[in-house]
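# Commentary on secondary and tertiary structure
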Amino acid sequence: MAKTGLLVFFAIVLGHQARAQNTDIFRLEYLNIPVNDTGVKTQRYKGLINFPIKLNEKKEYLVIGGEYNRFDMGYSADLPFDKKEMIRFHIIDFNVGLVKKWNENWNLVGILTPRVASNLLDGVVRDDLFMNASAAFWKEKPNADKPFRIVLGLTYNSTTGIPVPLPLIHYYRRFHPDWSYVMGVPKSNIKYHVDKKHSLELALFLDGYFMNLQRNIVLDNGLVASRISFNSLVGTLGYQYNLTENISFFALAGSTLFQEGKLRNRERGEVFLFNDDSNFYIRTGVKIGIF
């Protein structure tokens, strides 16, 4: 159960972070969304590390870790306000989780993720702080003729603007020695395993963030923005090269099928839409996974 439990822990972290499922204990990543017709471009730098601590012989784990994301934004279009508040943003997550065996067939994962999400122009202030949480059950048969894994749970993300827990669904199946797929939210994919070193993937997933603006932006119509959100639906073709059994290089290229950036008020209502145009999406990096 060692790899199984840790796998599901890192998969559930998706509910708190960049809406992307991963099974990593270490990751360095770069994202580039070039300038689009709206005049907005995005670069993101990510670092992630997690430490599993074995608690007993049942292979139950306490997991602690964190993730840092830095966004560098560019705006070539004229906007009806000062853009200096929207140039650089920071996301800092701290993860504390428990992986526990529930019964013979099902296991339980619970995670708390305190978050700082802001442009951090004046240090860390109270409005920069958010709290996220997830809980899920999982079951899997890794040694079956067609291995599968199912995860069912709830995730509460205080930065989504929806004040209720949302479903967390992840179903994986290796239906052929060379093929596997994942169906779920926020990511689905199909993967072709060329050999032990190389694999190709078609993926559809959600990406996005919600962050505090420490200095309010006042528009000409008198509306006041104190939050900013980025959301997108992304389709990509991916390639992964396994340097070793656990260390991999990866690259994704595709397009945002839907993309929007909005200024929001303190109640999270929309104040100004500054980006609603799809664009290329390029992401690459290196990771250490648990399998």
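Just so we're clear, the structure is a prediction, and the values are computed from it rather than from any experiment.

## Looking at the overall build of the chain
From N to C terminus, the chain includes one helix and 15 strands. Per-residue burial for the chain yields a buried fraction of 46% across its 291 residues. Within the chain, counting contacts between residues at least 6 apart in sequence, those at least 24 apart form 58% of the total. On the chain, roughly 13800 Å² of surface is accessible, and the fraction owed to carbon and sulfur atoms is 62%.

## Focus on the packing of aromatic side chains
As enumerated under the stated definition, the model contains 13 aromatic pairs in all. Between phenylalanine 89 and phenylalanine 230 the ring centres are 6.2 Å apart and the planes differ by 70 degrees, which places this aromatic pair in the edge-to-face class. One end of the pair, phenylalanine 89, is in strand S4 (residues 88-101); the other, phenylalanine 230, is in strand S12 (residues 224-242), with 141 residues separating them in the sequence. Overall, the relative accessible area of 11% leaves phenylalanine 230 in the buried class. Positioned above the aromatic ring of phenylalanine 250 is the side chain of lysine 287, whose terminal nitrogen or guanidinium carbon lies 5.5 Å from the ring centre.

## What to know about the pattern of salt bridges
Counting across every chain of the model gives 17 salt bridges. A salt bridge links lysine 46 to glutamate 29; its shortest N-O distance comes to 3.8 Å. Highlighted residues: lysine 46 in strand S2 (residues 40-54) and glutamate 29 in strand S1 (residues 24-33), separated in sequence by 17 residues. The exposure class of glutamate 29 is buried, given its relative accessible area of 6%. Put simply, aspartate 127 and arginine 266 hold a salt bridge, and the shortest N to O gap is 2.6 Å. Taken together, the residues aspartate 127 in the loop between strand S5 (107-118) and strand S6 (129-141) and arginine 266 in the loop between strand S13 (247-264) and strand S14 (270-275) connect sequence positions 139 residues apart. The partly exposed category is assigned to aspartate 127, whose relative accessible area is 30%. Of the residues examined, arginine 266 reaches a relative accessible area of 41% and is grouped as partly exposed. A cluster of three or more residues bridged by salt bridges with shared partners is formed by Arg27, Glu29, Arg44, Lys46, Glu67, Asp207 and Arg283.

## Thoughts on the confidence of the model for the chain
Averaged over all residues, the pLDDT of the chain is 87; the fraction at 70 or higher stands at 90%. With pLDDT under 50 throughout, residues 1-5 is counted as low confidence; its partners more than four residues away or in other chains account for 16 contacts. Note on residues 14-22: pLDDT is under 50 here. Beyond four places in sequence and across chains, it has 49 contacts.

## Overview of the nonpolar core
Judged by nonpolar contacts, the single largest core of 22 residues is most densely connected at Met86, Phe89, Met211, Ile217, Ile228, Leu263 and Phe274. Elements that contribute at least two residues to this core include exactly strand S3 (61-75), S4, strand S11 (198-218), S12 and S14. A total of five residues in this core trace back to one element, the largest contributor, which is S11. Those residues within four positions of phenylalanine 89 in sequence are excluded, and the remaining contacts are Asn69, Arg70, Phe71, Met73, Ser118, Asn119, Met211, Asn212, Leu213, Ile228 and Phe230. Membership of the second largest hydrophobic core comes to nine residues, among which are Tyr61, Val99, Ala136 and Leu168.

## Things to note about the environment of tyrosine 209
Within the element layout of this structure, tyrosine 209 appears in strand S11. At 3.4 Å, the side chain of tyrosine 209 forms a polar contact with the side chain of asparagine 69.

## Quick look at the environment of histidine 176
With respect to the element layout, histidine 176 can be found in strand S8 (residues 166-176). Residue classification places histidine 176 among the partly exposed positions, given a relative accessible area of 36%. Remark: the alpha-carbon pair of histidine 176 and proline 147, spanning 29 residues in sequence, is separated by 9.4 Å. A polar contact of 2.9 Å, which involves the side chain of histidine 176, links it to the backbone nitrogen of aspartate 178.

## Things to note about the pairing of S5
Pairing analysis gives 10 bridges linking S4 to S5, with the strands arranged antiparallel. Across the sheet, residue isoleucine 91 finds its bridge partner in S5, namely alanine 117. Connecting the antiparallel pair S4 and S5 is a turn made up of five residues. Of the strand pairs in this sheet, S5 and S6 are connected by 10 bridges, and their pairing is antiparallel. Pairing of leucine 112 across the sheet is with alanine 133, part of S6.

What counts as what
Each chain has its residues counted from 1, running along the sequence as written. Side-chain atom pairs in this predicted model are given and counted only at pLDDT of 80 or more, local residue features only at pLDDT of at least 70, and totals for whole chains, interfaces and linings cover all residues. Only hydrogens and water are set aside when side-chain values are computed; all heavy atoms of the structure are taken into account. Starting at the N terminus, helices and strands are each numbered in turn, a helix being any DSSP run of H or I of at least four residues and a strand any DSSP run of E of at least two. Note on classification: 1.4 Å probe, protein chains only; a residue is buried when its accessible area is under 20% of the maximum for its type, exposed when over 50%, partly exposed between these limits. Contact definition: two residues touch when any of their heavy atoms are within 4.5 Å. Areas reported here follow the Shrake-Rupley algorithm with a probe of radius 1.4 Å; residue values treat only the protein chains shown as occluding. Here a Phe, Tyr or Trp ring, Trp counted by its six-membered ring, pairs with any other such ring whose centre lies within 6.5 Å, and the pair is stacked when the planes are under 30 degrees apart, edge-to-face when over 60, and tilted otherwise. Should the NZ of a Lys or the CZ of an Arg lie within 6 Å of a ring centre and within 35 degrees of the ring normal, that charge is described as sitting over the ring. Here, a salt bridge means any Lys or Arg side-chain nitrogen found within 4 Å of an Asp or Glu carboxyl oxygen. Confidence scores per residue from the predictor, reported as pLDDT, run from 0 to 100. Remark: nonpolar core denotes a set of buried residues (Ala, Val, Leu, Ile, Met, Phe, Trp, Tyr, Cys) joined through side-chain atoms within 4.5 Å. For this analysis, a polar contact is any N or O atom pair within 3.5 Å, provided that within protein one partner can donate a hydrogen and the other can accept it, and provided that sequence-adjacent residues contribute only side-chain to side-chain pairs. Strand pairing is defined by DSSP finding a minimum of two bridges between the two strands.

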